[in-house]
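# Working through the structure, step by step
So you can see what is in the structure, the chains are spelled out below.
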Amino acid sequence: MIVQHTFRRRIFINFFVVFSLFTLVVLAYQHDREKSYRTGQLENTLDNISEITHRYIEYKKIFESGDFKSLDSLKTLLPIAETRLTVIDMSGKVVYDSFVADVNTMENHLQRPEVQKALYSEKGSSIRLSATTNQKFYYYAKNYKNYFVRTADVYNVDIVKFLNTGRIFFVFIVFLFLLMWSMLHYTTRRLSDFITNLKDFALKAGQNEDISRMNSNFQDNELGVIRRQIIQIYDKLKTTKDELASDREKLYGHLQVLKEGISIFSPEKRKILANSHFIQFINMISEKSTISAEHIFAIPEFGKVVEFIDQNKGKEIQNQNKELPQIEYTIEKGEKYFHVRCIIFLDKSFEVLISDVTRPEKQRLLKQQLTSNIAHELKTPLSSIKGYLETILNSENIPAIKQKYFLQKAFVQSERLTDLLNDISLLNNIEDAGGLFEFKPLMMRPVINDVFENLKSRLTDKIMSFSIDVDNDVVVNGNESLLFSVFQNLVENSINYSGNNTTISIRKYLEDDKYYYFQYSDTGAGISEEHLPRIFERFYRVDYGRSRENGGTGLGLSIVKNAVLLHKGEISVRNKPEGGLEFLFSLSKK
Ligand code: ADP
């Protein structure tokens with residue numbers, strides 16, 4: 001294993017180098033100490049020889065007699081055989097040398113380093129190669145006022161000799177070194193085994209393998225603790241990961257069924273997630289087939305979002321109690337309305353929500369229009385009533401017959417007001433509380449009969465006839481009062497707008513599994529084509545004056561249409577080619 005080797009080798013080399021250096025330093029120190037001890041010893045011996053020689057010279061008065069040769073007898077007394085003994089006078093001339101027979105051939109010794117040193121500080125030493133013997137010598141000179149005695153001996157305190165002399169110490173050091181080496185070997189091997197084990201263990205954990213049951217020989221040491229910790233952390237991580245994954249799954253599922261389009265982006269405007277509605281909505285808004293949520297930033301309609309994100313880029317979003325920064329606005333695209341909301345989170349990621357508010361928005365506009373229409377419609381009869389009453393109150397001596405006339409007029413207007421309010425409330429009930437109407441199997445024929453019975457006198461007044469082709473077996477799933485309203489309004493309209501001598505016809509012209517199909521028509525003048533598309537709108541009239549004259553509220557056909565829709569049917573209108581207005585509508589079967 002490469003990891004194991006490099007790791008182990010590194011530790012091993014480091015320890016080895018440190019310990020080797022330590023051993024070398026100890027050896028060098030010991031060698032140095034030995035050397036100075038031996039040098040001291042040698043110098044001591046040479047000093048003793050110098051003293052003996054000096055005493056001998058003094059005692060025998062050799063300088064006075066000039067018999068330097070007699071110093072040869074000293075040679076036998078000297079402790080070391082190869083010791084060289086030289087006597088030099090103060091001018092540097094060699095007067096005696098135990099190694100040289102004819103001292104006159106020798107050069108002046110005043111410049112010799114040991115002599116120079118002795119000249120100034122009583123004694124001096126120097127180590128150098130002897131030109132005569134070609135051996136390293138320790139020269140020691142001592143100044144005795146009238147002459148120098150110089151002694152010399154072979155200087156041999158080198159490492160070999162030291163190793164010989166300090167053998168036990170050396171063996172001890174080598175033994176220590178070998179011991180240390182093998183201990184190092186063993187320790188690093190164990191350590192690297194542990195670490196390899198730990199590494200394998202960590203690798204397995206990284207590869208999501210089940211590590212809790214992994215058979216590792218971690219003992220109860222620090223590595224065992226690390227292993228247990230890794231297992232704990234791994235377990236926690238796994239649980240958290242599983243929880244997160246399931247939460248994410250839930251979130252995704254939830255996002256997909258949302259009616260809103262939602263996308264979450266990173267602070268760098270990269271998509272984190274988006275549901276299919278989001279893509280669908282941005283496609284509708286951009287009118288291009290974009291496939292990625294990130295395209296939103298290039299769509300002009302979302303310029304406000306981009307601006308908002310860029311504005312908040314540098315700002316700190318910190319206060320958790322405060323609301324997160326957000327903007328919302330509505331995009332109008334053709335017939336459609338989209339509500340856009342952008343929220344920036346604490347970590348600067350943000351979400352964009354798009355919802356299709358076409359229906360609610362249109363309804364809002366309709367309601368707005370409706371309210372103003374209702375106000376307008378109510379104002380007319382009310383101001384008439386007010387006018388009549390004011391006339392009566394303000395004019396004195398008004399004849400009783402005239403008073404009654406005005407009161408009657410006011411009464412008619414109040415009736416109109418009641419009709420209007422009834423129609424408005426009926427329409428509201430159909431639209432907002434359709435579920436409250438009771439539906440049951442209902443024979444159509446009796447309902448139609450009731451309507452004609454109800455309007456009999458008015459039909460007679462206008463010399464109108466009618467034909468009904470609806471059998472008693474035509475049973476719809478319906479609400480009686482609503483269906484009564486449907487036919488009542490249609491017939492009333494025919495009475496009001498089709499003119500005299502006309503005929504109304506009602507027939508069931510078709511049926512299938514689910515529906516009955518009815519035709520309602522009259523033989524009047526019909527409605528000019530440009531008005532046809534709008535006659536089901538609330539308060540829409542072709543001729544306002546005429547409608548008012550007839551007590552119309554402008555809501556009749558609206559009620560008809562909404563009642564048919566509540567019965568799960570459909571309704572359409574057209575002018576018959578032969579003249580007259582025709583409605584075709586369906587009602588669901590029982
Ligand atoms: P209104 O209360 O004015 O009758 P409706 O919604 O019932 O309101 O009718 C809308 C308009 O359609 C009427 O004002 C009238 O001009 C026209 N209209 C309805 N039915 C007929 C018909 N049978 N023949 C001709 N015009 C009609």
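All right, on to the overall build of the protein then. Tallying secondary structure elements over the protein gives 16 helices and 17 strands in all. Its C-alpha atoms give the protein a radius of gyration of 64 Å, clearly above 25 Å, the size a compact globule of 590 residues would have. Its C-alpha atoms give the protein principal-axis dimensions of roughly 195 × 65 × 40 Å. Taking all 590 residues of the protein together, 40% fall into the buried category. In the protein, once contacts between residues fewer than 6 apart in sequence are set aside, the share between residues at least 24 apart is 58%. Surface exposure of the protein reaches about 35,400 Å², of which carbon and sulfur atoms provide 55%. Measuring between centres, the 77 positive side-chain charges of the protein sit 6 Å from its 74 negative side-chain charges.

Taken domain by domain, the protein comprises domain 1 (2-163), domain 2 (166-239), domain 3 (258-314 + 323-356), domain 4 (362-430) and domain 5 (437-588). Its C-alpha centre places domain 1 at a distance of 100 Å from the equivalent point of domain 3.

Our focus in this paragraph is the pairing of strand β8 (residues 326-333). Strand direction decides the pairing type here: β8 and strand β9 (residues 336-344), joined by eight bridges, are antiparallel. Counterpart to Ile-327 in the pairing with β9 is Cys-342. Linking two consecutive strands that pair antiparallel, namely β8 and β9, is a turn of two residues; a positive phi of about 60 degrees is found at Gly-334 within it.

Quick look at the sheet that holds β9 now. Ordered by their spatial adjacency, five strands build an open sheet running β7-β6-β10-β9-β8, and the pairing between neighbours is antiparallel. Looking at the sheet topology across the chains shown, the edges are occupied by β7 (271-274) and β8. Strand-to-strand, the axes of this sheet are offset by a mean angle of 15 degrees, without reference to chain direction. Contacting β6 (261-265), β7, β8, β9 and β10 (350-356), helix α8 (residues 276-286) crosses the sheet at an angle of about 70 degrees to β10. Here helix α9 (residues 303-312) sits on the sheet in contact with β8, β9 and β10, set at roughly 10 degrees to β9.

To continue, consider the pairing of strand β4 (residues 136-143). Counting buried positions over the eight residues of β4 gives seven, a clear majority of the element. Across seven bridges, the pairing between strand β3 (residues 123-129) and β4 is antiparallel. What sits directly across from Arg-128, in β4, is Phe-137. In this sheet, strand β5 (residues 147-154) lies alongside β4 in antiparallel orientation, the contact comprising seven bridges. Paired with Lys-142 across the strands is Val-149, a residue of β5. Remark: three residues form the turn of the hairpin made by β4 and β5, two consecutive strands paired antiparallel; Lys-145 in that turn has positive phi of roughly 70 degrees.

All right, on to the sheet that holds strand β2 (residues 94-97) then. Across the sheet, which stays open at both edges, the five strands sit in the order β2-β1-β5-β4-β3 with antiparallel pairing between neighbours. Two strands close off the open sheet at either side, each with one partner strand: β2 and β3. Neighbour-to-neighbour, the strand axes of the sheet open up by a mean angle of 20 degrees, direction not taken into account. Summarising the sheet, strand β1 (residues 84-89) and β2 pair through three bridges and their orientation is antiparallel. In the strand pairing of β2, Ile-88 is matched with Val-94.

Turning to the side chain of Glu-377, a few remarks are in order. Residue position: Glu-377 is located in helix α10 (residues 358-394). For Glu-377, a relative accessible area of 3% corresponds to the buried category. Beyond its immediate chain neighbours, meaning those up to four positions away, Glu-377 contacts Arg-416, Leu-420, Phe-539, Arg-541, Tyr-544 and Thr-553.

A few words now on the pattern of salt bridges. Taken as a whole, this structure holds 24 salt bridges when the rule is applied. Of the charged contacts, one joins Glu-51 and Lys-142 as a salt bridge, the two residues approaching to 2.9 Å between their closest N and O atoms. Of this pair, Glu-51 sits in helix α1 (residues 2-60) while Lys-142 is found in strand β4, placing the two residues 91 residues apart along the sequence. When its relative accessible area of 8% is taken as the criterion, Lys-142 is described as buried. In this structure, Asp-310 engages Lys-313 in a salt bridge whose closest nitrogen and oxygen atoms are separated by 3.9 Å. Looking at Asp-310, the relative accessible area reads 35%, which means it is partly exposed. Taken together, the shared-partner salt bridges in this structure form one network comprising Asp-47, Glu-51, Arg-55 and Lys-142.

Okay, helix α4 (residues 113-121) next. Looking only at α4, the buried set comprises Glu-114, Val-115 and Ala-118. Buried positions in α4, seen along its axis, are confined to an arc of 100 degrees and lie on one side of it. On its buried side, α4 packs onto β1, β3, β4 and β5. Downstream of α4 by one or two residues, Glu-122 has phi in the positive range, about 65 degrees.

Conventions we followed
- Residues numbered from 1 in each chain as written.
- Predicted model: local features only at pLDDT ≥ 70, side-chain atom pairs only at ≥ 80, totals over all residues.
- Heavy atoms only, no water.
- Helix = DSSP H or I, 4+ residues; strand = E, 2+ residues; numbered from the N terminus.
- Rg over C-alpha atoms; globule rule 2.2 N^0.38 Å.
- Buried < 20%, exposed > 50% of the residue type's maximum accessible area, 1.4 Å probe, protein only.
- Contact = heavy atoms within 4.5 Å.
- Areas by Shrake-Rupley, 256 points an atom, 1.4 Å probe, with all protein chains shown as cover.
- Lys, Arg positive; Asp, Glu negative; His and termini not counted.
- Charge placed at Lys NZ, Arg CZ, Asp CG, Glu CD.
- Domains from an automatic or database assignment.
- Pairing = 2+ DSSP bridges.
- Axes fitted to C-alpha atoms, helices over the stretch in contact; angles between N-to-C directions.
- Salt bridge = Lys/Arg side-chain N within 4 Å of Asp/Glu carboxyl O.
- Arc of directions from axis to C-beta.

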